[in-house]
Amino acid sequence: VIRDEYVRLQIDTPYRPALAHLADFSHVIALWWVTGHDNPESREITRCELPYAPGVEAGVFACRSEYRPNPIGLTVCPIVDVDEATGRVTVADIDAFDGTPVIDLKPYIPGYDGDGKAKLPDWVSKR
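What you see is a predicted model, and the numbers here were worked out from it, not measured in a lab.

Analysis parameters
Residues numbered from 1 in each chain as written. Predicted model: local features only at pLDDT ≥ 70, side-chain atom pairs only at ≥ 80, totals over all residues. Heavy atoms only, no water. Helix = DSSP H or I, 4+ residues; strand = E, 2+ residues; numbered from the N terminus. Buried < 20%, exposed > 50% of the residue type's maximum accessible area, 1.4 Å probe, protein only. Lys, Arg positive; Asp, Glu negative; His and termini not counted. Salt bridge = Lys/Arg side-chain N within 4 Å of Asp/Glu carboxyl O. Polar contact = N/O pair within 3.5 Å; in protein donor to acceptor, adjacent residues only side chain to side chain. Contact = heavy atoms within 4.5 Å. Core = buried A, V, L, I, M, F, W, Y, C linked by side-chain atoms within 4.5 Å. Pairing = 2+ DSSP bridges.

Caption draft 1: How the structure looks around unusual backbone geometry. Notably, His 21 is not glycine yet its phi reads approximately 75 degrees, a positive angle. Mapped onto the elements, His 21 comes out in the loop between strand S2 (7–10) and strand S3 (27–33).

Written out as structure tokens, the structure is:
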């Protein structure tokens, strides 16, 4: 992950052919490694207070916390540009820091990745 006006996801040379036709999609699901919390202490945290829901404590499987048994982050990102030759996928935003390793990219497909009928608890705030 490299930040400037937009965010660039840099794909290593051997994997650049895997970007073929990604630009045909409007959004990409980026899976990334939460490097700052890849340690035994963070991996043992199972509940935490939610920054987006003050006063609410939830299990890490019920929130988007950086504390995970396996620190894998996931963000649905609007695609700005895909350059297969350079391995650069430019996205509008991602909730990861500079230098964060990208694990995988998957196209966002509304019929597969969401059906519009999802139920959210009252304590989840909309951004």
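Caption draft 2: A look at the side chain of Arg 68. Assignment of secondary structure puts Arg 68 in the loop between strand S5 (53–59) and strand S6 (72–83). Buried within the structure, Arg 68 lacks any salt-bridge partner; Glu 66 is the closest side chain of opposite charge, at an N-O distance of 7.7 Å. At 2.7 Å, the side chain of Arg 68 and the backbone oxygen of Val 60 are in polar contact. At 3.2 Å, the side chain of Arg 68 forms a polar contact with the backbone oxygen of Ser 65. With near-sequence residues (within four places) excluded, Arg 68 lies in contact with Ser 42, Arg 43, Val 60, Phe 61 and Cys 63.

Caption draft 3: Representation of the pattern of salt bridges in the model. Enumeration over the complete set of coordinates arrives at three salt bridges. A salt bridge links Arg 43 to Asp 38; the shortest N-O distance between them is 3.0 Å. Exposure remark for Asp 38: the relative accessible area of 39% places this residue in the partly exposed category. Linking Lys 106 and Asp 104 is a salt bridge whose minimum nitrogen-to-oxygen distance equals 3.0 Å. Owing to a relative accessible area of 32%, Asp 104 belongs among the partly exposed residues under this scheme.

Caption draft 4: Here's a closer look at the nonpolar core. The biggest cluster of nonpolar side chains holds 17 residues, and the ones touching the most others in it are Leu 9, Leu 22, Val 89, Ile 94 and Leu 105. Going through the elements one at a time, S2, S3, S6 and strand S7 (88–91) are the ones with two or more residues in this core. Judged by nonpolar contacts, the second largest core, of six residues, contains Leu 50, Ala 53, Ala 58 and Cys 63.

Caption draft 5: Representation of the pairing of S3 in the model. Counting buried residues along S3, five of its seven residues qualify, which places the element largely inside the surrounding structure. As paired strands, S3 and strand S8 (residues 102–107) are joined by five bridges and run antiparallel to one another. Looking at the pairing, Ile 29 lines up with Lys 106 of S8.

Caption draft 6: Layout of the pairing of S5. Here four bridges tie strand S4 (residues 47–50) to S5, and the two strands are oriented antiparallel to one another. Note that in S5 the partner of Leu 50 across the bridge is Ala 53. Hairpin connection between S4 and S5: a loop of two residues separates the two successive antiparallel strands.

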